[in-house]
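Observations on the model geometry
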Amino acid sequence: MNLTTDVAVIGGGLGGVAAALAVLERGHRVVLTEEYAWLGGQLTSQAVPPDEHIWVEQFGVTARYRALRDGIRRYYRDHYPLSEEARADQTLNPGRGRVSRLCHEPRVAVAVIEQLLAPYRSNGQLVVLQPAKPVAASVVDDVVRSVTVEHGRTGIRTVIEASFVLDATETGDLLPLTGTAYVVGAEARSETGEPSAAAVADPENVQSIAWCFVFDHVDGDHTIPRPVDYDEWKQLELPFWGAPMLSFTAPNPRTLEPEERTLDVNPALDRSGDPRVDAGDTDLWQFRRIAARQTFREGFAPSDIVLANWPQLDYVGGSIIDSTDRESHLAAAKAQSLAYFHWLQTEAPRPDGGYGWPGLRLRGDVIGSDDGFAQAPYIRESRRIRALRTVVEQDISVAHRGHGGPATFDDTVGVGMYRIDLHPSTGGDNYIDVECAPFEIPLGALIPVRTKNLLAAAKNIGTTHITNGAYRLHPVEWNIGESAGELAGFCLEQGHRPHDVAAEAALTAQLQSRLGEVGVEIHWPEIIGY
């Protein structure tokens with residue numbers, strides 16, 4: 001089958017959805033492809049609640065991202081029996097989790113994303129191919145002429161011809177297929193000058209992946225069968241971890257000292273969880289809880305629902321990028337998580353002196369899977385384009401810059417904020433945690449040095465192994481995709497190439513004005529107390 005469109009968005013994660021919406025709302029046609037059953041990537045098929053900065057309710061995200069967040073809250077108000085307190089709360093946090101101001105069930109985000117896209121499916125502007133992943137591309141003179149995707153169940157291939165192609169896949173899958181120059185893994189300090197970079201480059205050294213799962217706690221024995229490799233995982237202890245992986249111990253990301261976590265099963269309502277003063281990451285239950293029973297009418301929910309995305313699930317056995325062992329590493333990552341859940345059910349120390357919670361129950365129904373595990377692994381690091389502009393640690397590090405004021409770029413197309421947060425890596429590194437300033441997203445980071453009509457629209461922009469740790473989170477990925485979509489629409493209408501827009505200050509300014517019109521903040525407000 002052959003399809004012709006204005007813009008092909010390959011990858012339906014947060015960046016891909018945002019890019020598609022930006023192009024569609026400008027009146028252009030889009031073919032959007034996604035490998036998994038749900039659109040939304042790290043927010044849905046990977047099941048991870050949004051990691052956001054502390055000012056998210058006031059500023060620092062795009063208007064379309066805010067519409068997504070508002071839609072999630074509205075969905076709960078429209079369809080769930082909320083308590084009176086929850087219904088009156090304008091900043092409703094359904095899970096009352098500590099990692100975010102908006103911890104929620106992945107399926108709700110899927111519903112809202114589908115609502116946002118529904119009008120364009122109806123009028124024919126949008127074609128969604130799902131499940132489908134890219135398998136080939138045709139490139140002539142550094143112009144991508146077509147991308148071929150393969151259906152995950154039938155094997156049927158579709159050739160998509162488009163004026164612009166956006167790579168919004170989780171690991172930059174279009175880059176090798178199109179011959180786009182890219183980097184993977186850790187760069188050497190001699191290349192980037194970054195204080196936290198490794199002495200020697202290592203393309204196989206990437207951040208760990210994690211296979212997340214969702215569970216609750218109810219009466220009865222829900223213990224899963226003992227995994228055949230359980231003893232192997234039970235014996236695994238990383239050199240810097242301070243205990244076996246099957247434990248409540250993990251390094252503090254900032255001090256690197258081993259710390260003991262807790263699991264307070266179905267606790268009484270905790271009203272003190274403000275991430276501005278308390279990250280709340282010491283208790284595994286509350287940290288990423290996605291549905292709190294106190295949010296709902298009394299008696300409606302027998303248990304909280306919790307998303308497990310914890311240090312003990314971080315898989316460091318090998319990289320899944322450009323690896324012949326990709327499938328075995330994916331299987332091992334899920335096996336590690338399965339072993340940890342069995343440990344929680346059978347051997348984890350309880351506060352009352354006993355061991356294990358057999359009442360813990362996997363909830364695959366909540367995340368659209370048969371086994372209780374997310375449809376896809378949580379991926380923190382991607383291939384990254386060799387970009388016109390690469391963000392390095394020195395650009396955003398508070399220590400290097402000597403102050404915490406916003407890090408600015410003259411070609412900014414958005415904003416973001418997160419610490420440089422690198423999880424333990426496949427190269428044997430412990431956490432790398434660097435305080436960084438509120439930052440901007442440079443236009444040049446979206447544009448490859450050579451390929452003329454391909455744009456990076458997710459975690460594959462021009463960052464380094466180090467700065468990817470700040471630019472990889474939910475609202476930043478959305479902003480990257482949205483700005484890439486706006487750039488593609490601008491180029492379609494004006495007859496330009498992305499390189500032209502980056503090279504001419506007047507065109508960059510026109511794009512920035514266009515972004516402002518649709519609610520993309522390209523600068524941080526001047527406030528006191530960053």
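Residues numbered from 1 in each chain as written. Predicted model: local features only at pLDDT ≥ 70, side-chain atom pairs only at ≥ 80, totals over all residues. Heavy atoms only, no water.

1. Re the overall build of the protein
Looking only at helices and strands, the protein has 16 helices and 21 strands in total. Here the protein has a C-alpha radius of gyration of 22 Å; the compact-globule value for 530 residues is 24 Å, and the two agree. Relative to its 530 residues, the protein shows a buried fraction of 61%. By sequence separation, contacts in the protein at least 24 residues apart represent 71% of the contacts at least 6 residues apart. Carbon and sulfur atoms provide 49% of the accessible area of the protein, an area that totals close to 19,400 Å². (Helix = DSSP H or I, 4+ residues; strand = E, 2+ residues; numbered from the N terminus. Rg over C-alpha atoms; globule rule 2.2 N^0.38 Å. Buried < 20%, exposed > 50% of the residue type's maximum accessible area, 1.4 Å probe, protein only. Contact = heavy atoms within 4.5 Å. Areas by Shrake-Rupley, 256 points an atom, 1.4 Å probe, with all protein chains shown as cover.)

2. As for the packing of helix H2 (residues 63-79) against helix H14 (residues 474-494)
Where H2 meets H14, the closest approach of the two axes is 9 Å, and the angle between their N-to-C directions is 130°. By the criterion of interaxial angle, the relationship of H2 to H14 is oblique. When the axes of H2 and H14 are compared, the crossing they make is right-handed. Here Arg64, Tyr65 and Leu68 of H2 lie close against H14, whose contacting residues are His474, Pro475, Trp478, Glu482 and Glu486. Residues of the contact of H2 with H14, tallied by class, amount to 4 nonpolar, 1 polar and 3 charged. (Axes fitted to C-alpha atoms, helices over the stretch in contact; angles between N-to-C directions. Parallel < 35°, antiparallel > 145°, perpendicular 65-115°, else oblique. Left-handed = near helix turned anticlockwise from the far one by under 90°. Nonpolar A, V, L, I, M, F, W, Y, C, P; charged D, E, K, R; others polar.)

3. Focus: the packing of aromatic side chains
As enumerated under the stated definition, the model contains 19 aromatic pairs in all. Between tryptophan 310 and tyrosine 340 the ring centres are 6.0 Å apart and the planes differ by 75°, which places this aromatic pair in the edge-to-face class. Residue tryptophan 310 is found in the loop between strand E13 (305-308) and strand E14 (314-315), and its partner tyrosine 340 is found in helix H9 (residues 326-346); the two are separated by 30 residues along the sequence. The same class applies to tryptophan 310 as to tyrosine 340, namely buried. (Phe/Tyr/Trp six-rings, centres within 6.5 Å; stacked < 30°, edge-to-face > 60°.)

4. Side note on the nonpolar core
Leu166, Leu344 and Tyr471 are the most contacted members of the largest nonpolar core, which totals 145 residues. Sequence-distant contacts of leucine 344, that is, excluding residues within four places in its chain, are made with Phe248, Leu263, Trp310, Gly356, Trp357 and Leu360. (Core = buried A, V, L, I, M, F, W, Y, C linked by side-chain atoms within 4.5 Å.)

5. Remarks on empty space enclosed by the protein
This structure, assessed with the given rule, holds 2 cavities of 30 Å³ or more. Looking at the largest cavity, its volume works out to about 80 Å³. If you trace the largest cavity, you find 13 residues lining it, with Val206, Gln207, Ser208, Ile209 and Ile320 closest to the centre. In this structure, the second largest cavity encloses a volume near 40 Å³. Surrounding the second largest cavity, Leu43, Pro50, Glu52, Tyr65, Leu68, Arg69, Ile72, Leu102 and His104 form its lining. Taken together, the residues that form the lining of the second largest cavity break down as 6 nonpolar, 1 polar and 2 charged. (1 Å grid on protein atoms, 1.4 Å probe; cavity = no way out; pocket = protein on both sides within 12 Å on 5 of 7 lines; lining within 4 Å. Points joined across faces, edges and corners; volume = space filled by probe spheres on them.)

6. Thoughts on the confidence of the model for the protein
Detailed reading of the predicted model is not advised wherever pLDDT is low. In the predicted model, the protein carries a mean pLDDT of 96, and the fraction of residues at 70 or more is 97%. Per-residue pLDDT stays below 50 along residues 272-277; that stretch engages in 7 contacts with residues further than four places along the chain or on separate chains. (pLDDT = per-residue confidence, 0-100.)

7. Comments concerning the sheet that holds strand E12 (residues 289-291)
Two strands in a sheet stick together by hydrogen bonds in their backbones, pointing the same way (parallel) or opposite ways (antiparallel). Overall, antiparallel pairing links the 4 strands, which are arranged E12-E13-E9-E15 in an open sheet. The open sheet has two edge strands, E12 and strand E15 (360-362), and neither has a second partner. For this sheet the average axis-to-axis angle between neighbouring strands, irrespective of direction, equals 35°. Inspection of the sheet shows strand E9 (residues 213-217) paired to E15 by 3 bridges, in the antiparallel sense. In the strand pairing of E15, phenylalanine 215 is matched with leucine 362. Sheet strands touched by H9: E9 and E15. Its angle to E15, the strand with the most contacts, is close to 155°. (Pairing = 2+ DSSP bridges.)

8. Topic: the packing of helix H1 (residues 14-25) against H14
The description of two helices packed together rests on the angle between their axes and the distance between the axes. One can describe the packing of H1 onto H14 by two numbers: an axis separation of 7 Å at closest approach and a directional angle of 35°. Remark: the crossing between H1 and H14 carries right-handed chirality. Along its contact with H1, which presents Leu14, Gly15, Val17, Ala18, Ala19, Leu21, Ala22 and Val23, the element H14 presents His474, Glu477, Trp478, Gly481, Glu482, Gly485 and Glu486. Tallied by class, the residues present in the contact of H1 with H14 amount to 8 nonpolar, 4 polar and 3 charged.

9. Comments concerning helix H4 (residues 106-122)
Between its first and last C-alpha atoms H4 spans 24 Å; for 17 residues at 1.5 Å apiece the expected length is 24 Å, and the two agree. Along its length, H4 reaches its greatest deviation from straightness, about 40°, at leucine 116, and the proline proline 119 lies no more than four positions downstream. (Expected span 1.5 Å × (residues − 1). Bend = angle between axes of the 7 residues up to and from the residue.)

10. Regarding unusual backbone geometry
For the bond running from glutamine 130 to proline 131, omega is -5°, close enough to zero to count as cis. Note on placement: proline 131 falls in the loop between strand E3 (126-129) and strand E4 (132-140). Even without being glycine, alanine 47 reaches a positive phi, approximately 75°. Topologically, alanine 47 is positioned in the loop between strand E2 (30-33) and H2. For aspartate 141, which is not a glycine, the phi torsion comes out positive at approximately 55°. Its location among the elements puts aspartate 141 in the loop between E4 and strand E5 (143-151). Take aspartate 141: its relative accessible area is 63%, and that puts it in the exposed class.

11. Here we look at H14
The terminal C-alpha atoms of H14 lie 30 Å apart, and with 21 residues this matches the ideal 30 Å at 1.5 Å per residue to within 8%. Taking burial as the measure, the 21 residues of H14 include 18 buried ones, the bulk of the element.

12. Let's talk about the environment of leucine 39
In this fold, leucine 39 is placed in the loop between E2 and H2. Overall, the relative accessible area of 1% leaves leucine 39 in the buried class. Leucine 39 sits 87 residues away from leucine 126 along the chain, and the two C-alpha atoms are 14 Å apart.

13. Focus on the side chain of arginine 514
With respect to the helices and strands, the residue arginine 514 is situated in helix H16 (residues 505-517). Relative accessible area serves as the criterion here: at 8%, arginine 514 is assigned to the buried category. At 3.0 Å, the side chain of arginine 514 and the side chain of glutamate 493 are in polar contact. (Polar contact = N/O pair within 3.5 Å; in protein donor to acceptor, adjacent residues only side chain to side chain.)

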